[in-house]
Amino acid sequence: MRLTGCSAVYLLIVFATISMAQEPVTCPWFSSGSAQTVLGGPVTLHLHMEENGQGLCEFTSQSGDISKMLRILVGKADKHVCPPGSTQIEALGNDAMQCRRPDEQGHTWDAIAGRMRDTFFVVTTSNVPDALKIPAVEGRPADQYGASILERAAEQVVGNLD
């Protein structure tokens, strides 16, 4: 069987399309492995990206009746969820604050929101115990520069912003 130039090009397009369709979906600001660490189990990713680099990554982990979620929202519009007077987070982009907020369904969300240059970010968790608590380190007193689970997640997001 001989392939003409047109047939060869067609096959290359088909194989390229198949290989692209098999690439795993990834969040540009946070890895599934890191999300698994935050949520304490295997995760599912729901991703919505826009061509301008803005988007939403939602990682969920189901354990029995409990569904844990880590949500990362990045964009040019200020979607700051923390009210004035919330706890300021130093050295995490600009104007970063953390807070705990209920949503319309009565779920409690722990959030860190801020800005890195001209890009706004909001990192939230739901049903993640002690997401805002700084973990104690064995054998030494609490580290004043320690970071909570949510802060560590937000640090990774900020580090991956362009």
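Preceding this paragraph is the structure being described.
Here goes a summary of the coordinates provided.

Thresholds, definitions, all that
Residues numbered from 1 in each chain as written. Predicted model: local features only at pLDDT ≥ 70, side-chain atom pairs only at ≥ 80, totals over all residues. Heavy atoms only, no water. Helix = DSSP H or I, 4+ residues; strand = E, 2+ residues; numbered from the N terminus. Buried < 20%, exposed > 50% of the residue type's maximum accessible area, 1.4 Å probe, protein only. Contact = heavy atoms within 4.5 Å. Areas by Shrake-Rupley, 256 points an atom, 1.4 Å probe, with all protein chains shown as cover. Arc of directions from axis to C-beta.

Considerations on the overall build of the protein
Then step 1. Scanning the protein for helices and strands turns up three helices and seven strands.
Then step 2. Helices (α) and strands (β) of the protein occur, in sequence order from the N terminus, as α-α-β-β-β-β-β-β-β-α.
Then step 3. By residue count, 33% of the 162 residues in the protein fall in the buried class.
Then step 4. When contacts within the protein are restricted to residue pairs at least 6 apart in sequence, those whose partners lie at least 24 apart make up 41%.
Then step 5. Total accessible area on the protein is roughly 10,400 Å²; 54% of this is exposed by carbon and sulfur atoms.

Digging into helix H2 (residues 32-39)
Then step 1. All buried positions along H2 are accounted for by Ser34, Ala35, Val38 and Leu39. Taken around the axis of H2, the buried residues stretch over an arc of 125 degrees, which confines them to a single face.
Then step 2. Looking at the buried residues of H2, the elements they touch are strand E2 (55-63), strand E3 (66-75), strand E7 (119-126) and helix H3 (149-159).
Then step 3. Just downstream of H2 lies Gly40, where phi reads positive at about 75 degrees.

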